[in-house]
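Chain by chain, the residues:
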Amino acid sequence: MSDLIVPVPQPVQTDPDKLRWGIVSTVKGSLTQIARFVAYHLDLGANRIHVHLDVPDHALADRLFHPKVRFIQCDDAYWQGKPNRARSTHQMRQVYNATRIYRISQLDWLAHIDVDEVLMPPAPLPELLARVNPNAPFVSMIPSEMLDATGDPHHFKRPVVGALKRKIYPTYGAHVPGGFIGTQSPKLIARTGLDDIRQGIHALRLQGKVVRGGARIEGLELGHAHAPDFETFQRHMAYRLARGSYHDRKGHINPLGHLIRVLMDDPDPEALRAFHHEMCSTSPERLDLLAAHDMLITRHLDLDAKVTRFFGNLKE
């Protein structure tokens, strides 16, 4: 499939005080995880957050009610009359839901991200988006991967290439692209109002072709909590190997998935844990090494404080 340039209808909104942005996501997660995701982005200034509950939960939606948040229950009634293919996999449901919201959105910009991701802009997002090239149909965000997290501050690492990868990750670095155990593929904040656009997970498409011509915002990070602790890493392993980010696709072996399967079959029961530790450790030595090569991002996310601000005590 070839790429194409899509003309952006003019004029675009360049007044930060009037610019409106939001998020669309299809989620599976606990009340706490979803509350943190929503509260964090409300605090960041999102004008609308569309949360598709892949596992319908009316009580959760009621508990996290907020005028800027729309919960969509993805139950049988929601999917009735929609193409079977749209419901077939989690990835297809993500794309369908994001595209539907994109095409009806009254926002200026719409980010399609997951519940384990957070936008980390260096300045108020409306100010940054208002300065984007008016002909750019989207802003591309390269993920940074959260290291082992026990609370604030949270540490994230940037991708690494070449000989430095083996220096930072001496045992497994040669086998792990970019030093990430999650995806390195970008996520997008899309400018709305483009006709017939399909908002995918990592790209915009028009009639099957990938839309190009996007912009980058210096300092805008997309933090990804792919495996913030070993327990989370283990809990999602079966799905990721079968249908997710470690899955073999179209006859092509996923090298990271292959490595993980080898480690799971290792006679040493701690082999997989050792792998996670090397790739995600927050030891002082590891943090110093990452910082020395401009690969470390440290942020106070204050997630639980933001949940309390917007939703009170979740245990009540």
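Relevant structure appears above.
Residues numbered from 1 in each chain as written. Predicted model: local features only at pLDDT ≥ 70, side-chain atom pairs only at ≥ 80, totals over all residues. Heavy atoms only, no water.

J.: Hey, could you run me through the overall build of the protein in this one?
T.: When you go through the protein residue by residue, the secondary structure sums to 13 helices and 15 strands. Against the 2.2 N^0.38 benchmark of 20 Å for 316 residues, the protein shows a C-alpha radius of gyration of 20 Å, consistent with a compact globule. In the protein, buried positions account for 50% of the 316 residues. Considering only contacts in the protein between residues 6 or more positions apart, those separated by 24 or more positions represent 71%. Averaging the positions of the 39 positive and the 35 negative side-chain charges in the protein gives two centres separated by 7 Å. (Helix = DSSP H or I, 4+ residues; strand = E, 2+ residues; numbered from the N terminus. Rg over C-alpha atoms; globule rule 2.2 N^0.38 Å. Buried < 20%, exposed > 50% of the residue type's maximum accessible area, 1.4 Å probe, protein only. Contact = heavy atoms within 4.5 Å. Lys, Arg positive; Asp, Glu negative; His and termini not counted. Charge placed at Lys NZ, Arg CZ, Asp CG, Glu CD.)

J.: What am I meant to see in the pattern of salt bridges here?
T.: A side chain with one charge can pair with a side chain of the opposite charge if their charged atoms come near. By the definition in use, this model includes 12 salt bridges. Between glutamate 145 and lysine 157 there is a salt bridge; the shortest N-O distance is 3.6 Å. Taken together, the residues span a long stretch of sequence, with glutamate 145 in strand E8 (residues 143–146) and lysine 157 in strand E9 (residues 154–157) at a distance of 12 residues. Residues participating in the shared-partner salt-bridge network are Lys28, Asp54 and Arg93. (Salt bridge = Lys/Arg side-chain N within 4 Å of Asp/Glu carboxyl O.)

J.: It is not clear to me how the sheet that holds E9 should be interpreted in this structure. Could you clarify?
T.: In a beta sheet, neighbouring strands pair by backbone hydrogen bonds and run either parallel or antiparallel. An order of E6-E14-E8-E9-E15 is seen for the 5 strands of this open sheet, with the pairing classed as mixed. Each edge of the open sheet is held by one strand with a lone partner, namely strand E6 (117–120) and strand E15 (296–299). Strand-to-strand twist across the sheet, computed as the mean angle between neighbouring axes with direction ignored, equals 35 degrees. Across 4 bridges, the pairing between E6 and strand E14 (residues 221–224) is antiparallel. For leucine 119, the partnering residue across the bridge sits in E14 and is leucine 222. (Pairing = 2+ DSSP bridges. Axes fitted to C-alpha atoms, helices over the stretch in contact; angles between N-to-C directions.)

J.: Before we go on, may I ask you to explain helix H10 (residues 255–264) in this structure?
T.: Residues that lie three or four places apart on an α-helix share one face, since the helix turns once every 3.6 residues. Among the residues of H10, Leu256, Gly257, Leu259, Ile260 and Leu263 are the ones counted as buried. End-on, the buried residues of H10 take up no more than an arc of 160 degrees, which puts them together on one face. Buried-residue contacts for H10 involve helix H8 (230–235), helix H9 (237–242) and helix H11 (271–280). Capping the start of H10, asparagine 254 holds a side-chain oxygen 3.0 Å from the backbone nitrogen of leucine 256, two or three residues further along. (Arc of directions from axis to C-beta. Polar contact = N/O pair within 3.5 Å; in protein donor to acceptor, adjacent residues only side chain to side chain.)

J.: Sorry if this is basic, but what is going on with unusual backbone geometry here?
T.: That bond from glutamine 10 to proline 11 is cis: its omega, 0 degrees, falls within 30 degrees of zero. For the bond from aspartate 152 to proline 153, the omega torsion is -10 degrees, close enough to zero to count as cis. Position of proline 153 among the secondary structure elements: in the loop between E8 and E9. At aspartate 196, a residue that is not glycine, the phi angle is positive and equals roughly 60 degrees. Structurally, the position occupied by aspartate 196 is in the loop between strand E10 (187–191) and strand E11 (198–199). Its identity as a non-glycine residue notwithstanding, aspartate 302 has a phi of 50 degrees, on the positive side. Tracing the sequence through the fold places aspartate 302 in the loop between E15 and helix H13 (303–311). For aspartate 302, a relative accessible area of 37% gives the class partly exposed.

J.: Sorry, what's going on with the layout of surface pockets here?
T.: To find leftover empty space, one rolls a probe the size of a water molecule over the atoms. Taken as a whole, the second largest pocket holds about 160 Å³ of empty space. Forming the walls of the second largest pocket are Thr32, Arg36, Asp304, Val307, Thr308, Gly312, Asn313, Leu314 and Lys315. Secondary-structure elements contributing two or more residues to the lining of the second largest pocket are helix H1 (31–44) and H13. When residues in the lining of the second largest pocket are grouped by element, the largest group, 3 residues, is from H13. Of the residues in the lining of the second largest pocket, the class split is 2 nonpolar, 4 polar and 3 charged. (1 Å grid on protein atoms, 1.4 Å probe; cavity = no way out; pocket = protein on both sides within 12 Å on 5 of 7 lines; lining within 4 Å. Points joined across faces, edges and corners; volume = space filled by probe spheres on them. Nonpolar A, V, L, I, M, F, W, Y, C, P; charged D, E, K, R; others polar.)

J.: Any chance you could explain the sheet that holds E11 here in plain terms?
T.: Pairing is mixed in the open sheet, where 4 strands are placed in the order E1-E13-E12-E11. Among the strands making up the open sheet, the edge pair consists of strand E1 (3–5) and E11. The sheet contact formed by E1 and strand E13 (residues 209–212) spans 3 bridges and is parallel. Directly across from isoleucine 5, in E13, lies its bridge partner arginine 212.

J.: Can you walk me through the packing of H10 against H11 in this structure?
T.: What describes two packed helices is the angle between their axes and the distance between those same axes. Across the interface, H10 lies against H11 with an axial gap of 7 Å and an inter-helix angle of 135 degrees. Put simply, H10 runs oblique to H11. Counting all contacts with H10, which are made through Leu256, Leu259, Ile260, Leu263 and Met264, the residues of H11 involved are Ala271, Leu272 and Phe275. For the contact of H10 with H11, the residue count by class is 8 nonpolar, no polar and no charged. (Parallel < 35°, antiparallel > 145°, perpendicular 65-115°, else oblique.)

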